[in-house]
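# Summary of the model geometry
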Amino acid sequence: MTEPRLDVLCIGNAIVDVIAAADDGFLAAEGLDKGSMRLIDAAEATRLYGKMGPGREISGGSAGNTAAGVAMLGARAGFVGQVADDQLGEVYAHDIRSTGVEFTTPFREGGDVPTARSLILVTPDAQRTMNTFLGAAQHLDTSMLDEEQVRDAAILYLEGYLWDPETPRAAMERAIAVSHEAGRRVAFTLSDSFCVDRHRDGFNRLLDEKKVDILFANEAEIVSLTGKDDFDAAVAEAAQRVPLLVVTRSEKGAIAVENGRRVDVAAEPVEQVVDTTGAGDLFAAGFLAGLAQQRPLDQALRMGAIAAAEVISHYGARPEADLKALVAQTLG
């Protein structure tokens, strides 16, 4: 097996986030479930955008955020995601490349489907309610994969959000096969409870067929996936089916279970939680960067917690502070 050129290659929705403040009354008036993520069509995206307050545009998308975090931590990252040949597509490509991420996916031409965007409403308690128009992102197909790039990555990281449309799901399945044929590891994040609710059978099939080597989840997602009411029972059940399980627990920290050994870490202190958008994405980035640096599990978890703490201290899902410096100060 050749030495990998990339530490982590992420595949996911290429989305431009539009983030605006909102109160509970606005959510209630719009019939929105606080803290949730829903998929919307172009008409609803236009309508809701017109009713939102002033917004801030930031390139996002779950796996894209993770790739950016991996690169900011000094590891070699790549990203695969579909954008359109339009203004937001150009913005997305520039933004992710500026973080040091390798992004070579061809633009979707034709102008029939615009670049994806997520309208994110942040309430004063820092909860984010996401309304996502997938646009061009859901048209990522196998022809857009650079299979040599997949073979060159030590870890292939996939987001559950992209499992919904059939076309990118096929691309992800192909990427998994290529990665494993090359002797690499595949990581998968469940992304959101609604993804688990919609694709529980498919996600469980991935585990049963040994297609996932590293599984990322939060408390609600792992409970939903396994059907267990008790958190520890859910962890025990899932850990038997995947070589490395990582579960985040918000203010209660995070755990990892590898070959039956469980490691727990506390959450990093945060002076003020401003916006939880991207917390899980950056946690995964820190953990994966720790694996790339061959750190022990507890330190990889701490790196995830450090990255997550930074991103929830401000608006937006991309770090604003020097993550490498923060890790050096804490872990050396």
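Residues numbered from 1 in each chain as written. Predicted model: local features only at pLDDT ≥ 70, side-chain atom pairs only at ≥ 80, totals over all residues. Heavy atoms only, no water.

For clarity, the threshold we go by: UniProt positions are given in the numbering used here, feature names are shortened, and annotations may be inferred rather than shown by experiment.
The name given to the chain in an unreviewed UniProt entry is Adenosine kinase, with Sphingomonas parva as the source organism. Database annotation for the chain, UniProt heading Sequence similarities (unreviewed entry): "Belongs to the carbohydrate kinase PfkB family."

## Things to note about the overall build of the chain
Applied cut-off: The helix count covers DSSP runs of H or I at least four residues long, the strand count covers runs of E at least two residues long, and both are numbered beginning at the N terminus. In this setup the radius of gyration rests on C-alpha atoms only. A globule is expected at 2.2 Å times the number of residues raised to 0.38. Burial classes follow relative accessibility: with a 1.4 Å probe on protein chains only, a residue under 20% of its type's maximum area counts as buried, one over 50% as exposed, and anything between as partly exposed. Note on contacts: a residue pair is in contact if any heavy atoms of the two residues lie within 4.5 Å. For every accessible area listed, the method is Shrake-Rupley and the probe measures 1.4 Å; residues are considered covered only by the protein chains on display.
Helix and strand counts for the chain come out as twelve helices and 14 strands. Taken against the 2.2 N^0.38 rule, which gives 20 Å for 332 residues, the C-alpha radius of gyration of the chain at 18 Å falls within 12% of a compact globule. Projected onto its principal axes, the C-alpha coordinates of the chain cover approximately 50 × 45 × 40 Å. Going through the 332 residues of the chain one by one, you find that 58% of them count as buried. Once local pairs closer than 6 in sequence are excluded, the contacts in the chain between residues at least 24 apart make up 74%. Carbon and sulfur atoms provide 47% of the accessible area of the chain, an area that totals close to 13,400 Å².

## A look at helix 9 (residues 231–239)
For the record, the criterion: Read the arc as the range of directions from the helix axis to the C-beta atoms. By the criterion applied in these results, polar contacts are pairs of N or O atoms within 3.5 Å in which, for protein atoms, one can donate a hydrogen and the other can accept it, and in which residues neighboring in sequence qualify only through two side-chain atoms.
Looking only at helix 9, the buried set comprises F231, A234, V235, A238 and A239. On an axial view of helix 9, the arc spanned by its buried residues comes to 125 degrees, and they lie on one face. Taken together, the buried residues of helix 9 touch helix 8 (219–226), strand 12 (244–248), strand 13 (254–258) and strand 14 (261–265). Put simply, D230 is the residue that caps the front of helix 9, since its side-chain oxygen is 3.2 Å from the backbone nitrogen of D232.

## Looking at helix 10 (residues 279–292)
Because each turn of an α-helix spans 3.6 residues, side chains separated by three or four positions in sequence point in the same direction. Test applied: Working rule for helices: expected span equals 1.5 Å times residues minus one.
In a regular helix each residue adds 1.5 Å, so 14 residues correspond to 20 Å; helix 10 covers 20 Å between its end C-alpha atoms and thus fits that length. Burial in helix 10 covers these residues: D281, L282, F283, A284, A285, G286, F287, L288, A289, G290 and L291. Of the residues flanking the end of helix 10, it is Q294, one or two places downstream, whose phi is positive at about 60 degrees.

## Thoughts on the UniProt feature "domain: Carbohydrate kinase PfkB" (unreviewed entry) in the chain
UniProt records the feature "domain: Carbohydrate kinase PfkB" (unreviewed entry) at residues 56–319, using the numbering of this structure. Each end of residues 56–319 is marked by a C-alpha atom, and these two atoms are 15 Å apart; helix forms 40% of the span and strand 21%.

## With respect to empty space enclosed by the protein
Let me state the cut-off plainly: The method works on a 1 Å grid over the protein atoms by themselves. A cavity is a set of points holding a 1.4 Å probe that cannot get out, a pocket is an open set with protein on both sides within 12 Å along at least five of seven lines, and residues with an atom within 4 Å of a point line them. Grid points are joined across faces, edges and corners, and a volume is the space filled by probe spheres set on the points. Each residue gets one label: Ala, Val, Leu, Ile, Met, Phe, Trp, Tyr, Cys and Pro are nonpolar, Asp, Glu, Lys and Arg are charged, and the others, such as Gly, are polar.
According to the stated counting rule, one finds one cavity of 30 Å³ or more in the structure shown. If you add up the space inside the largest cavity, you get close to 30 Å³. When residues of the lining of the largest cavity are assigned to their parent elements, the largest contribution, three residues, is made by helix 7 (residues 193–208). Taken together, the residues of the lining of the largest cavity sort by class into eight nonpolar, no polar and no charged.

## Remarks on the pairing of strand 10 (residues 185–189)
For clarity, the threshold we go by: In this analysis, strands are considered paired if DSSP registers two or more bridges between them. Here the term right-handed applies to a crossover when the path leading from its first strand over the helix to its second strand runs clockwise, the strands being oriented away from the viewer.
The element strand 10 is extensively covered by neighbouring structure, given that four of its five residues are classed as buried. For strand 9 (residues 153–159) and strand 10, the ladder comprises five bridges, and the chain directions are parallel. By the bridge assignment for strand 10, E159 is matched with T189. Read as a crossover between parallel neighbours, the route from strand 9 over helix 6 (residues 166–181) to strand 10 is right-handed.

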